[in-house]
Amino acid sequence: MWRKDTVWTGPVQEKGYLLTGDCTRHIHMWTPRESDWLVSQQTFSSHNDSVEDIQWSPNEEHVFASCSVDKSIRIWDDRAATHQACMITVPDAHSSDVNVINWNRMEPFIVSGGDDGVIKVWDLRKLDTYAALFKHHTGPITSVEWHPTDSSVFGASGEDNQVSLWGPGGRVGGGTASD
């Protein structure tokens, strides 16, 4: 079974590469050909469980991040041999599954959301602990994304039907999604 993520922005993506993660902990790199796709037989395999999200770095051509049911966030460099490509691991990024991640385009931050309903901001210069933690949602986090022009603001949504906006002072907006 193939999982997400397809992200087509940034220098690597302009070359057409696609990354997919699967339920058996592997990340696969795909290269477009004239009439189909070529999937590499070499997999990125440092996770211990299902890969939940993959995001190319918006600033580093060969770097991507992934998160997993194994509670970790990993930073990879696709220039390295696949068995050595995992450059950084945050082993217990959340208390349960890490569902989603998103790179900040202007600052060295990644935001993550997990099944624990917690949102965390990670400073890539110091990953031994999170830079900020936000707890508002009452269910798993299903989406996180940085504002495209304001590097201090991001949004999140969860299975609790809540959408929340966050900034330097904490929650700055949001509401309940109605059916």
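Residues numbered from 1 in each chain as written. Predicted model: local features only at pLDDT ≥ 70, side-chain atom pairs only at ≥ 80, totals over all residues. Heavy atoms only, no water.

(A) Seen up close, unusual backbone geometry. Located in the positive-phi region is Lys71, a residue other than glycine, with phi close to 80 degrees. Here Lys71 lies in the loop between strand S5 (63-68) and strand S6 (73-77). Despite not being glycine, Asn161 shows a phi value in the positive range, around 65 degrees. When you line up the elements, Asn161 lands in the loop between strand S13 (154-158) and strand S14 (162-167). (Helix = DSSP H or I, 4+ residues; strand = E, 2+ residues; numbered from the N terminus.)

(B) Spatial organisation of the environment of Leu38. Mapped onto the elements, Leu38 comes out in strand S3 (residues 37-39). Distance in space between the C-alpha atoms of Leu38 and Tyr17 is 9.9 Å, their sequence separation being 21 residues. When neighbours within four sequence positions are excluded, Leu38 is seen to be in contact with Met29, Trp30, Thr31 and Arg33. (Contact = heavy atoms within 4.5 Å.)

(C) Quick look at the pattern of salt bridges. Taken as a whole and judged by the stated rule, the model has 4 salt bridges. Across the salt bridge formed by Arg33 and Asp36, the nearest N and O atoms sit 2.9 Å from each other. Put simply, Asp70 and Arg74 hold a salt bridge, and the shortest N to O gap is 3.7 Å. Taken individually, Asp70 and Arg74 each receive the classification buried, so the pair is uniform in this respect. (Salt bridge = Lys/Arg side-chain N within 4 Å of Asp/Glu carboxyl O. Buried < 20%, exposed > 50% of the residue type's maximum accessible area, 1.4 Å probe, protein only.)

(D) Region of interest: the sheet that holds strand S7 (residues 86-90). Strand order in the open sheet formed by 4 strands is S4-S5-S6-S7, and the pairing between neighbours is antiparallel. Either end of the sheet is taken by a strand with one partner, and the two such strands are strand S4 (51-56) and S7. Within this sheet the neighbouring strands show an average axis-to-axis angle of 20 degrees, counted without direction. Note that S6 and S7 share 4 bridges and pair antiparallel. When the sheet's bridge partners are listed, Trp76 is paired in S7 with Cys86. (Pairing = 2+ DSSP bridges. Axes fitted to C-alpha atoms, helices over the stretch in contact; angles between N-to-C directions.)

(E) Main features of the packing of aromatic side chains. Applying the stated criterion across every chain yields a total of 9 aromatic pairs. Seen from their ring centres, Phe44 and Trp76 are 5.7 Å apart, and the 75 degrees between their planes marks the pair as edge-to-face. With a gap of 32 residues between them, Phe44 in the loop between S3 and S4 and Trp76 in strand S6 connect regions that are remote in the sequence. For Trp76, a relative accessible area of 0% corresponds to the buried category. A centroid spacing of 5.5 Å and a plane angle of 70 degrees characterise the contact between Phe134 and Phe154, whose relative ring orientation is edge-to-face. A residue pair is termed long-range when its members are at least 10 positions apart, and Phe134 in strand S11 (residues 132-135) and Phe154 in strand S13 qualify at 20 residues. Taking relative accessible area as the criterion, Phe134 reaches 12% and is therefore assigned buried. With relative accessibility at 3%, the residue Phe154 sits in the buried group. Site record: aromatic cluster; members linked through ring pairs are Phe109, Phe134, Trp146, Phe154 and Trp166. (Phe/Tyr/Trp six-rings, centres within 6.5 Å; stacked < 30°, edge-to-face > 60°.)

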